[in-house]
Amino acid sequence: MSGQAKLSEKLPEKSIGRLPFAAPLGGALARLGLGPRALVIAIPTVWLLVFFLIPFVVVAKISLSEVAIARPPYLPLWEWQDGILSLSLNFGNYLFLASDPLYYSAFLESLTIAGFSTLFALLIGYPMAYMIARAPGGMRNILLMLVILPFWSSFLLRVYAWIGILKTNGVINHALMSIGLIDEPIVMMQTDFAVYVGIVYTYLPFMILPLYANLVKLDETLLEAASDLGAGSFTTFLTVTLPLSLPGIFAGSLLVFIPAVGEFVIPALLGGPDTLMIGKVLWNEFFSNRDWPVASAVAIAMLFVLVIPVMLLQKAQQSDGGHS
Amino acid sequence: MKKRSLFIIIAGILGFIFLYAPIVSLVIFSFNESKLVTVWGGFSTKWYGELLQDPQILGAAWISLKIAFVSATLAIVIGTIAAFVLVRFKRFRTRTLLSGMITAPLVMPEVITGLSLLLLFVAMQGLIGWPAGRGMTTIIISHATFGAAYAAVVIQSRLVDMDLSIEESAADLGAKPVRVFFDITLPVIAPALVSGWLLAFTLSLDDLVIASFVSGPGSSTLPMVIFSKVRLGVTPEINALATIIILIVSVGVIAAALSMQKGKNNNVS
Amino acid sequence: MSEQASITESKPPESKPWIDDTQQPFIRIRNITKKFGEFIAVNNVSLDIYRGELFCLLGGSGCGKSTLLRMLSGFETPTSGAIEIDGQDMAGLAPHARPTNMMFQSYALFPHMSVEKNIAYGLHRDGLKRKEVNQRVSEILTLVQLSDFAKRKPSQLSGGQRQRVALARALVKKPKVLLLDEPLAALDKKLREETQFELVNIQETLGVTFIVVTHDQEEAMTLSTRIGVMNAGEIVQIGEPREIYEYPGSRFVADFIGSVNVFEGQVTEEDTDFVIIRSPEIKADIFVSHGVSCTSNQKVAYAIRPEKIRMSLERPKGVKNLLSGTVEEIAYMGNLSVYQVKLATGKIVRVTQPNLVRTDQNSITWEDEVSLTWDGAAGVVLTS
């Protein structure tokens, strides 16, 4: 029996606490900032600190400096000269944003477009998600793949495709005129309509997927119980399906709304010169006007606008994670 | 019941038509003889020929592929470690910070991410002299950062589903933590690593906004070239390019789905 | 039940080291406590387990039995107390460095490795030579009768085969102690019964000390040399299966293991070789034919198993413990029938009778007036 002993004699002491499972010991070492565990944590943390969080500090800093014709095109925030630290905070960029109606209306228009696009995406996406969730097993996977597939091909090219469809001598006008429905082509390109089409089209999968994930979990016996108790199919939908799918609606809406607010490519390609979305304004400040401080101030203002929906999304996802 | 089903099916089918109409029109008009994209002038593959002789597009495509390959690989390393740390290490001081930073890039508007990264690179160059100018390196770093966020989400959900006792039993059989990770954890989450990598790769290939901010002279990516071309109008050459991309993606996705299906069947029998 | 009892009873007295004062315990658990925040999962448990034992930790869910097992394997660190295996202190040793191996409830087979590779994994970690690894793997595969399945992946095996792979994988390292977490819980009833005996055979063949966690009392009875019954983080009784069943030390144990009738009462007469308990619940005096360590007038509970009560239509004469009542409910279970007899006081008494003949003629039926009686040594007096 003594021969059956495992390697117990030559136990290396260094192995203590190196195991993630031996949490208290590992935790003690990590608290001291030692050990491989702390190193493993440090790799992604440091990377994201440097390349994600600190950049925002830099943006905030530059939003407070003055534009200049220089390389880089802004004045330093502080100067160290003759033993005196001179700090010049320039809130002018923010005052400028507040005073010029361009920015104010761009923010308003971004929120309006994002809001209505979300609504349209919900109206189109809900029946699709419902159809997929209720489809038989094999069919369901195929439909789901069909929703995801466009997402894997180039976003830029899919937006570009709409130009060919919507423009004055494009597919739609061509078709409508050839069947004699209209005599004059309808102007659709470079309008807000085209921007709506582009945003709804691009972000539709973001609406469908969380809705599907929610609807597929819906217990079908609930629907049977409702109809057994005398509810018609529309009443069943309003009183059972819809209330139960609210978390999915909520998550999907935020996933469409948040990126839509900051969208640049779609208004740039499909919108007209008077489609003012904030992402496009930031881009123009930066690339056309080379006004880095104002572009930074626009970015910071945009962050403040998005903080609330982002926090709502985070909360929605956490509570969803808690359920499953 | 039947009535609503019919309504749902019709609405669903219309939805799928909406999703696929632009893609189908791209493919059809890529074979159009006429330069007037929407007027059918007969079948032709001449735009493909022109595309393959366009040095600007080919050069940009090569740059984009290189950037996507390196940044996706970097993203999967960072994303895997972040996901592992968040799922397996229950308590540590920087937990909230890390989980916030790994999810925030998913919802951050690209214009903000792009601007902030550019300003960082400029400031870093001023302070420590690195990175010297903008180019492929800065694009790779930027793409790796948001790619890591997407990869981490995919890997995290796989790790959460994984039976913890599998790792425990390897430790119990005498494997040290690093061995457990490489022998057990990595092979079990391998499918998530592959899809995470593909996701990061695709996102990098597709990104226009961030790359526009952080690129430098001589490092124009494919989306940047496409964007500058299509701003001037519809060109059949781009239709041909789009068709090629769609073909590659479809074949890839279908092959992946089939191989997963086959893997499942093998396991069952 | 008779088969189950025979396993422990067939053992010669020298294989019961726990009654031999000269024997040293193989595993010493001393005042182990485990807290998760404010919650005390294991509360000051001390336990000695001897070499070659098959010890069962039995209890309901959340009683702390799994936590105790995980502290033995090293997956949880005790808040206080010490664990010693074969004279070696386990404090601070990670699972991979301990002389224990564990069989997980989920089996935890590596899904990406074949049966063979799964089993060889632990041997490779010990740095064994390929030749020896192959030999030991094929030996253990023969032992668990899986030689034909060596190349299969876990997903291609049945539940029972997976269970045997998990067992083989843990045993092949020849651990000093094998820890089994609900080893049979995932199997269906029929397979579970067969596997119980297989497990005992393997344990006896190899002589490895087994510690089994289970919530299934029948499994514990069948498998173990001794059982430790746990409740709310504490061990409430340790003993051989027969001891635990026939001499439960508390109402919890009596109730948890098997079914039992409990009559509340008060000691009215107390002597060296008998005790009389007056129980208003059944409006009768209970005669106990042995001494009990209690005082006069002490409130006690008298516990008697349903199969220890004799039931008849005629009233027997000259017996000490006699009750009468009406049959309210009969449950036919195949090998036996369970009767619920209602006394005049309203108290329900459960009685079981083996179904000795196939016809049901002349047997007791609903609404029958019956007499119940039992020996003075049939029940247990419980003071806690």
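Residues numbered from 1 in each chain as written. Chains lettered and ligands numbered in written order. Predicted model: local features only at pLDDT ≥ 70, side-chain atom pairs only at ≥ 80, totals over all residues.

A. Spotlight on the overall build of chain A. From N to C terminus, chain A includes 14 helices and 2 strands. Within chain A, contacts between residues at least 6 apart in sequence are counted, and of these 68% link residues at least 24 apart. (Helix = DSSP H or I, 4+ residues; strand = E, 2+ residues; numbered from the N terminus. Contact = placed C-beta atoms within 7 Å.)

B. Representation of the overall build of chain B in the model. Looking only at helices and strands, chain B has 11 helices and 0 strands in total. Listing each helix as α and each strand as β along chain B from the N terminus yields α-α-α-α-α-α-α-α-α-α-α. Considering only C-alpha atoms, chain B reaches an extent of 70 × 65 × 35 Å along its principal axes. Looking at the 269 residues of chain B, the share that counts as buried comes to 45%. Partitioning the contacts of chain B with sequence separation of at least 6, the portion at a separation of at least 24 is 75%. (Buried ≥ 20, exposed ≤ 12 C-beta atoms within 10 Å, placed from the backbone.)

C. Looking closely at the confidence of the model for chain B. Scored by pLDDT, chain B comes out at a mean of 88, with 93% of its residues at no less than 70. For this predicted complex, the interface confidence reaches an ipTM of 0.89, while the overall pTM sits at 0.82. (pLDDT = per-residue confidence, 0-100.)

D. Spotlight on the nonpolar core. Judged by nonpolar contacts, the single largest core of 157 residues is most densely connected at Val 298 of chain A together with Leu 115 of chain B. The greatest single-element share of this core, amounting to 16 residues, is contributed by helix α3 (residues 55-88) of chain B. Residues lining this core come from more than one domain, with at least three contributed by each of domain 1 (24-53 + 243-261) and domain 2 (57-230) of chain B. If we ignore the near neighbours within four places in the chain, the residues touching Leu 115 of chain B are Val 59, Leu 282, Phe 286, Ala 295, Ser 296 and Ala 299 of chain A together with Phe 213 of chain B. If you look at the next biggest cluster of nonpolar residues, it comprises 104 residues, including Val 42, Val 212, Ile 244 and Ile 309 of chain C. (Core = buried A, V, L, I, M, F, W, Y, C linked by C-beta atoms within 7 Å. Domains from an automatic or database assignment.)

E. Inspection of the environment of Leu 108 of chain A at higher detail. Residues and elements named next belong to chain A. As for its placement among the helices and strands, Leu 108 is situated in helix α4 (residues 101-134). Overall, Leu 108 belongs to the partly exposed group, with 13 C-beta atoms counted inside 10 Å. Taking the C-alpha atoms as reference points, Leu 108 and Met 139, separated by 31 residues in sequence, lie 42 Å from one another.

F. Region of interest: the sheet that holds strand β5 (residues 88-89) of chain C. Residues and elements named next belong to chain C. Read across the sheet, 4 strands follow the order β2-β1-β4-β5 without closing on themselves; strand pairing throughout is antiparallel. The sheet is open, and its two edges are formed by β2 (39-49) and β5, each paired on a single side. The pairing of strand β4 (residues 80-85) with β5 spans 2 bridges and is antiparallel. Bridged to Ile 85 within β5 is Gln 88. Lying over the sheet, helix α2 (residues 65-73) contacts β1 (27-36), β2 and β4, oriented at roughly 65 degrees with respect to β2. (Pairing = 2+ DSSP bridges. Axes fitted to C-alpha atoms, helices over the stretch in contact; angles between N-to-C directions.)

G. Main features of the pairing of strand β10 (residues 234-239) of chain C. In the sheet, strand β9 (residues 226-231) of chain C pairs with β10 of chain C via 5 bridges, with the strands oriented antiparallel. By the bridge assignment, Asn 231 of chain C is partnered in β10 of chain C with Glu 234 of chain C.

H. How the structure looks around the packing of helix α2 (residues 35-63) of chain A against α3 of chain B. Interaxial distance between α2 of chain A and α3 of chain B falls to 9 Å at its minimum, and their mutual angle equals 120 degrees. With respect to their mutual orientation, α2 of chain A and α3 of chain B come out oblique. Here the hand of the crossing between α2 of chain A and α3 of chain B comes out left-handed. Across the interface between the two elements, Val 40, Ile 41, Ile 43, Pro 44 and Trp 47 of chain A from α2 of chain A touch Ile 78, Ile 81, Ala 82 and Val 85 of chain B from α3 of chain B. Across the contact of α2 of chain A with α3 of chain B, the residue classes tally to 9 nonpolar, no polar and no charged. (Parallel < 35°, antiparallel > 145°, perpendicular 65-115°, else oblique. Left-handed = near helix turned anticlockwise from the far one by under 90°. Nonpolar A, V, L, I, M, F, W, Y, C, P; charged D, E, K, R; others polar.)

I. Representation of the sheet that holds strand β6 (residues 100-103) of chain C within the structure. All names here are of chain C. Taken together, the 6 strands give an open sheet; going across it, the order is β6-β7-β8-β3-β9-β10, and neighbouring strands pair in mixed fashion. Strands at the two margins of the open sheet, each flanked by one partner only, are β6 and β10. Ignoring strand direction, the axes of neighbouring strands in this sheet form an average angle of 20 degrees. The pairing of strand β3 (residues 54-58) with strand β8 (residues 209-214) spans 5 bridges and is parallel. When the bridges of β8 are listed, Leu 54 appears paired with Phe 210.

J. Examining the interface of chain B and chain A more closely. Taken together, the contact between chain B and chain A spans 69 residues of the former and 74 residues of the latter. The leading source of residues in the side of chain B that touches chain A is helix α1 (residues 2-30) of chain B, at 15 residues. When its residues are assigned to classes, the side of chain B that touches chain A shows 51 nonpolar, 9 polar and 9 charged.

K. Region of the structure containing the environment of Leu 75 of chain A. Residue and element names in this part refer to chain A. With respect to the secondary-structure elements, Leu 75 resides in the loop between α2 and β1 (78-81). Linking Leu 75 and Leu 64, residues 11 residues apart in sequence, is a C-alpha distance of 9.7 Å. The contact partners of Leu 75, leaving out residues within four places of it in the chain, are Ser 65, Glu 66 and Ala 68.

L. Broad picture of the interface of chain B and chain C. Every contact between the two is made by 16 residues of chain B and, on the other side, 19 residues of chain C. Those elements that provide at least two residues to the side of chain B that touches chain C are α7 (164-172) and α8 (177-206) of chain B. Element by element, the count of residues in the side of chain B that touches chain C is highest for α7 of chain B, at 7 residues. In terms of residue class, the side of chain B that touches chain C is made up of 8 nonpolar, 4 polar and 4 charged.

M. Main features of unusual backbone geometry. Following Trp 130 of chain B, the chain continues to Pro 131 of chain B via a peptide bond in cis, the omega torsion being -5 degrees. Here Pro 131 of chain B shows up in the loop between α5 (110-128) and α6 (136-161). The phi torsion at Gln 145 of chain C lies on the positive side, around 60 degrees, for a residue other than glycine. Within the secondary structure, Gln 145 of chain C sits in the loop between α4 (130-143) and α5 (159-171). Judged by the 12 C-beta atoms lying within 10 Å of it, Gln 145 of chain C falls in the exposed class. One non-glycine residue, Lys 283 of chain C, lies in the positive phi region at around 50 degrees. Residue position: Lys 283 of chain C is located in the loop between β12 (275-279) and β13 (284-288). Residue class for Lys 283 of chain C comes out exposed when judged on the 12 C-beta atoms lying within 10 Å of it.

N. Seen up close, the domain arrangement of chain B. If you check the domain split of chain B, you get domain 1 (24-53 + 243-261) and domain 2 (57-230). Here the C-alpha centre of domain 2 of chain B lies 30 Å away from the C-alpha centre of domain 1 of chain B.

O. Here's a closer look at the pairing of β6 of chain C. Residues and elements named next belong to chain C. Here β6 shows no split at all, with Thr 100 and Met 102 on one side and Asn 101 and Met 103 on the other all buried. As paired strands, β6 and strand β7 (residues 177-181) are joined by 4 bridges and run parallel to one another. When the sheet's bridge partners are listed, Asn 101 is paired in β7 with Leu 178.

P. Spotlight on α8 of chain B. Helix length check: α8 of chain B (30 residues) gives 38 Å between terminal C-alpha atoms against 44 Å at 1.5 Å per residue, more than 12% under. If you look at α8 of chain B, its biggest bend is around 60 degrees, right at Ala 190 of chain B, and the proline Pro 191 of chain B turns up within four residues after that. (Expected span 1.5 Å × (residues − 1). Bend = angle between axes of the 7 residues up to and from the residue.)

Q. Region of the structure containing the packing of α2 of chain A against α5 of chain B. Two elements in contact, α2 of chain A and α5 of chain B, have axes whose closest approach is 8 Å; the angle formed by their N-to-C orientations is 85 degrees. By the angle between their directions, the pair α2 of chain A and α5 of chain B is classed as roughly perpendicular. Note on element contacts: α5 of chain B touches α2 of chain A through Leu 115, Ser 116, Leu 117, Leu 119, Leu 120 and Ala 123 of chain B, opposite Phe 51, Ile 54, Pro 55, Phe 56, Val 58, Val 59 and Ile 62 of chain A. Looking at the contact of α2 of chain A with α5 of chain B residue by residue, the classes come out as 12 nonpolar, 1 polar and no charged.

R. Up close: the environment of Ala 377 of chain C. Residues and elements named next belong to chain C. Mapped onto the fold, Ala 377 is located in the loop between β19 (369-374) and β20 (380-382). Ala 377 sits 98 residues away from Ser 279 along the chain, and the two C-alpha atoms are 17 Å apart. Among residues more than four places away in sequence, those in contact with Ala 377 are Ser 289 and His 290.

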